[in-house]
Amino acid sequence: MNLFTADVGQGKVHVYDSGNDVFHGKLPEENLINLNIPELKEGDTLVVEDSHLRESHRLTLAQPYNFDELTKLKENAKERGITVLLFPQKSTPKTRKLAGLGKDDKTDEADTKAIAQFL
């Protein structure tokens, strides 16, 4: 079992593979839905900030996926034996602090690594 942490931003997906200590930045957004993430295998866990896995519509700030895409992610995860978990985005600053990162270290790579270290 390997832990992957993901962040979505600027139209891209950023994933940290904690078992191999490899960061995959700027993957296409659809890679998350399709679970097209290097080295992601059956039995692995993928943790994503919860705001990124809420339905996007005109009355919410959630981003960037619609209901059908999120349903497809759920189906893909079940089919491939991948566990998808949510992480509260309001706790990400705390993980950066616990990882010894400063306020200027608000990058997608820093966030994904700090969350993985915290977990």
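Predicted model, so just to flag it, every value in this text is computed and none were measured.

(A) Highlighting a nonpolar patch on the surface. On the surface, a nonpolar cluster with roughly 330 Å² of combined accessible area is contributed by Leu98, Phe118 and Leu119. The residue Leu98 is located in helix H3 (residues 92-98) in this model. Residue classification places Leu98 among the exposed residues on the basis of a relative accessible area of 58%.

(B) Structural view of the pattern of salt bridges. For the coordinates displayed, the defined rule picks out 4 salt bridges. Between Asp50 and Arg54 there is a salt bridge, with the nearest N and O atoms lying 3.4 Å from each other. Its salt-bridge partner being Lys113, residue Glu109 comes within 2.9 Å of it at the nearest N-O pair. With Glu109 and Lys113 both in helix H4 (residues 108-118), this residue pair falls 4 residues apart, about one helical turn.

(C) Up close: the nonpolar core. Counting 19 residues, the largest nonpolar core has Leu32, Leu46 and Tyr65 as its most contacted members. Within the residue set of this core, elements represented by two or more residues are strand E1 (3-9), strand E2 (12-17), helix H1 (30-33), strand E4 (45-49) and helix H2 (67-80). If sequence neighbours within four positions are ignored, Leu32 has contacts with Ala6, Val8, Val13, Ile37, Leu46, Val48, Leu53, Tyr65 and Leu73. Grouped together as the second largest cluster of nonpolar side chains are 6 residues, Leu3, Val47, Phe87 and Ala116 included.

(D) Spatial organisation of the packing of aromatic side chains. A complete count under the given rule lists 1 aromatic pair for this structure. Judged by centre distance (6.1 Å) and plane angle (80°), the ring pair of Phe87 and Phe118 falls under edge-to-face. Of this pair, Phe87 sits in strand E5 (residues 83-87) while Phe118 sits in helix H4; the two residues are 31 residues apart in sequence, bridging distant segments of the chain. Under the relative-accessibility criterion, Phe87 is labelled buried at 6%.

(E) Spatial organisation of the environment of Ile37. Position of Ile37 among the secondary structure elements: in the loop between H1 and E4. Apart from residues no more than four positions distant in its own chain, Ile37 is found in contact with Phe4, Val15, Asn31, Leu32 and Leu46.

(F) Spotlight on unusual backbone geometry. Positive phi, close to 55°, is recorded for Lys26, a residue that is not glycine. Relative to the assigned elements, Lys26 resides in strand E3 (residues 22-28). Its relative accessible area of 62% is what places Lys26 among the exposed residues. Phi angles above zero are rare outside glycine, and Leu35 is one such case at about 55°. Within the element layout of this structure, Leu35 appears in the loop between H1 and E4. With relative accessibility at 2%, the residue Leu35 sits in the buried group.

Criteria and cut-off values
- Residues numbered from 1 in each chain as written.
- Predicted model: local features only at pLDDT ≥ 70, side-chain atom pairs only at ≥ 80, totals over all residues.
- Heavy atoms only, no water.
- Patch = residues over 30% accessible without salt bridge, like charges linked within 9 Å, V, L, I, M, F, W, Y side chains within 5 Å.
- Areas by Shrake-Rupley, 256 points an atom, 1.4 Å probe, with all protein chains shown as cover.
- Salt bridge = Lys/Arg side-chain N within 4 Å of Asp/Glu carboxyl O.
- Helix = DSSP H or I, 4+ residues; strand = E, 2+ residues; numbered from the N terminus.
- Buried < 20%, exposed > 50% of the residue type's maximum accessible area, 1.4 Å probe, protein only.
- Core = buried A, V, L, I, M, F, W, Y, C linked by side-chain atoms within 4.5 Å.
- Contact = heavy atoms within 4.5 Å.
- Phe/Tyr/Trp six-rings, centres within 6.5 Å; stacked < 30°, edge-to-face > 60°.

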